[in-house]
Amino acid sequence: MAEEPHGTWFGFGFRGFGQALGSGRGCQAVLSPEPLRAGGHIRGVSASWSYTALMTCGGRVELSGYASGEASDCRDVWASEGLVVVLRAGPGSLEELQGWAPSSALRGEPLWAQTALVPEAEAQREDPPEGDGPATKLPLLPGSRAHLSPQPPFRQPLAPELQARQLDLGNEHVLLLCAAGQVFSWGGGRHGQLGHGTLEAELEPRMLEALQGLRMAQVAAGGWHSVCVSETGDIYTWGWNESGQLALPARSLAEDEETVTWEGLDEDCSNGEEAAARAKDGVPVPFIAVQPFPALLDLPLGSDAVKASCGSRHTAVVTRTGELYTWGWGKYGQLGHKDSASSDRPCRVEYFVEKQLQVKAVTCGPWNTYVYAVERRADT
């Protein structure tokens, strides 16, 4: 079996606080992918709005942006605006979670610390190759019986029967993928981000009935929208579509080339109904403000998706052939198309095609995007 080629992490989008996004010092935005720089080969990225945490293969966490600092002997890191959590190896099958204030530079004493018992299967598993993400999957804790929360209590228990495989946090909602490939959601639902067909909140995990029977491979929670990828490569989106982040027609993009931010949606605009408007050719065009049920999305050329990630109001998807598609809000270049335009249609990021790079992973921050790519082999 051929050895996996060496890869590189790239970044683009908002860097108003000096986050690691390649070069571009002194500018607020990086409009096209640029290689990241760290004190070692980067293994994973976790991005908040004002800072980014880089995890290197040597076990070092490096913070850049509004928060700076570093820590060694780390297994994983999770960044949120009010809290940065690192997972460190402990004696035997124990690991220690440490929660820090981002402004602490990871020095002194953490805000809190807690040991975590690593299941035998996880303890014996070798670390994955560089760029494929850490062995653990914060904010899902080792053992899959609890997850992190940016607000106290920081450890939230999960019902054992859920058998969580992946978990992702939006601004107000949680998505969970169970071992059987079914999707559960809970939290705030006023933008339809829970996918249950209503705008009501859910206090406990509830299975998405619309996807029942379809095996999902990944979930991704945006600010107020949600995405999941099926095992067969299909993409489903639901929630808020103000900036076209669902790849459905958005009124704000049709009315103005720059996305208009709607701080508050009135009842008529957030009820999930299609608002008809006249296109230039006189044919009514449906605009979607809120999509409360999962909608099937087709990528150009019939491409199959394997991975997805969501920012605050943008979405990125990796295809089976290693291409990257992005759409939604693009004011800071987070779509990677060399401009600051927004889009309600999936567009391929041509940079990786031009550089003969195969995209392997994508992680969105709220207003930026990080991508891991390798040199494309002739047979791919």
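No experiment lies behind these values; they were computed from the predicted model shown.

**Q** Can you help me understand the pattern of salt bridges in this one?
**A** Evaluation of the coordinates by the stated rule reveals ten salt bridges. Residue Arg348 is joined to Glu350 by a salt bridge in which the shortest nitrogen-to-oxygen separation is 2.9 Å. Take Glu350: its relative accessible area is 34%, and that puts it in the partly exposed class. Salt bridges linked by common partners bring Glu323, Arg348 and Glu350 together as one network.

**Q** Would you mind showing me how to read unusual backbone geometry here?
**A** Trans peptide bonds make up most of the peptide bonds, and negative phi angles are found at most residues other than glycine. With omega at 15 degrees, the peptide bond leading from Leu138 into Pro139 counts as cis. With respect to the helices, strands and loops of the structure, Pro139 is situated in the loop between α1 (120-124) and β11 (146-148). Look at the link from Pro152 to Pro153: it is a cis peptide, with omega at -10 degrees. Tracing the backbone shows Pro153 in the loop between β11 and β12 (155-157). Backbone geometry at Ser144 places phi at a positive 60 degrees, although glycine is not the residue there. Here Ser144 falls in the buried class, since its relative accessible area comes to 16%.

**Q** Is there a simple way to think about a nonpolar patch on the surface in this case?
**A** On the surface, Phe17, Trp49 and Tyr66 cluster together to form a nonpolar patch covering roughly 320 Å² of accessible area. With respect to the helices and strands, Tyr66 occurs in the loop between β5 (61-65) and β6 (69-71).

**Q** Sorry if this is basic, but what is going on with the side chain of Ser230 here?
**A** Positionally, Ser230 belongs in strand β18 (residues 225-230). Setting aside anything within four residues of it in sequence, one finds Ser230 in contact with Arg215, Met216 and Ala217.

**Q** Hey, could you run me through the nonpolar core in this one?
**A** Within soluble globular proteins, side chains that are nonpolar tend to cluster in buried spots. Residues Trp9, Leu324 and Phe352 are the most contacted members of the largest nonpolar core, which totals 27 residues. Those elements that place two or more of their residues in this core are β1 (7-14), β3 (42-47), β24 (314-319), α3 (350-354), β27 (357-364) and β28 (368-375). Membership of the second largest hydrophobic core comes to 21 residues, among which are Leu97, Leu141, Leu148 and Ala164.

**Q** What am I meant to see in the sheet that holds strand β9 (residues 94-100) here?
**A** Consider a sheet: its strands pair through backbone hydrogen bonds, and that pairing is either parallel or antiparallel. Spatially, β7-β8-β9-β10 is the arrangement adopted by the four strands of the open sheet, whose pairing is antiparallel. With partners counted over all chains shown, the strands left at the sheet margins are β7 (74-79) and β10 (112-117), one partner each. Neighbouring strand axes in the sheet, compared pairwise and without regard to direction, differ in orientation by 20 degrees on average.

**Q** Looking at this structure, I do not really get the sheet that holds β6. What am I missing?
**A** One open sheet holds the four strands; their spatial order is β3-β4-β5-β6, and the pairing between them is antiparallel. Strands with a single pairing partner mark the edges of an open sheet, and in this sheet they are β3 and β6. Each adjacent strand pair in this sheet contributes to an overall mean axis angle of 20 degrees, direction not counted. The sheet contact formed by β5 and β6 spans three bridges and is antiparallel.

**Q** Explain the packing of aromatic side chains here, please?
**A** Any two aromatic rings considered together are summarised by their centre-to-centre distance and by the angle between their planes. Following the criterion strictly, the structure yields 16 aromatic pairs and no others. Between Trp9 and Tyr372, the aromatic rings sit 5.6 Å apart at their centres with planes inclined by 45 degrees, giving tilted as the arrangement. A residue pair is termed long-range when its members are at least 10 positions apart, and Trp9 in strand β1 and Tyr372 in strand β28 qualify at 363 residues. Of the two residues, Trp9 and Tyr372, both sit in the buried class. An angle of 5 degrees between the planes, with centres 6.1 Å apart, marks the rings of Phe14 and Trp49 as stacked. Of this pair, Phe14 sits in strand β1 while Trp49 sits in the loop between β3 and β4 (51-56), and the two are 35 residues apart along the sequence. Judged by relative accessible area, which is 4%, Phe14 ranks as buried. Assessed through its relative accessible area of 33%, Trp49 is described here as partly exposed. Among the aromatic residues, those joined into a cluster by ring pairs are Phe14, Phe17, Trp49, Tyr66, Trp329, Tyr332 and Trp367. A cation over an aromatic ring shows up here: Arg313 above the ring of Trp329, its NZ or CZ 4.0 Å from the ring centre.

Calculation notes
Positions within a chain are numbered from 1, following the residues in the order the chain's sequence is written. In keeping with the predicted nature of the model, local features appear solely for residues at pLDDT of at least 70, side-chain atom pairs appear and are counted solely at 80 or more, and the whole-chain, interface and lining totals rest on all residues. Excluded from the side-chain calculation are hydrogens and water; included are all heavy atoms of the structure. Every case where a carboxyl oxygen of Asp or Glu lies within 4 Å of a side-chain nitrogen of Lys or Arg is listed as a salt bridge. Accessibility here uses a 1.4 Å probe with only protein chains present; expressed as a share of the type maximum, an area under 20% marks a residue as buried, one over 50% as exposed, and anything in between as partly exposed. Secondary structure elements are defined from DSSP: runs of H or I of at least 4 residues count as helices, runs of E of at least 2 residues count as strands, and each element is numbered from the N terminus. Candidates for patches are residues over 30% relative accessible area with no salt bridge; among them, like charges are joined within 9 Å and nonpolar side chains (Val, Leu, Ile, Met, Phe, Trp, Tyr) within 5 Å. Method for areas: the Shrake-Rupley scheme with a 1.4 Å probe, in which residue coverage is limited to the protein chains shown. In what follows, residue pairs with any heavy atoms lying within 4.5 Å of each other are defined as contacts. Nonpolar cores are built from buried Ala, Val, Leu, Ile, Met, Phe, Trp, Tyr and Cys residues. Side-chain atoms within 4.5 Å join them into one set. Pairing between strands requires that DSSP locate at least two bridges from one strand to the other. Angles run from 0 to 180 degrees between N-to-C directions of axes, and those axes are lines fitted to C-alpha atoms, restricted for helices to the stretch in contact. Each Phe, Tyr or Trp ring (for Trp, its six-membered ring) is paired with any other whose centre lies within 6.5 Å, and the angle between the two planes then decides the class: stacked below 30 degrees, edge-to-face above 60, tilted in between. A ring is considered to have a charge above it if a Lys NZ or an Arg CZ atom is located within 6 Å of its centre and within 35 degrees of its normal.

By themselves, these figures tell us nothing about what the structure is for.
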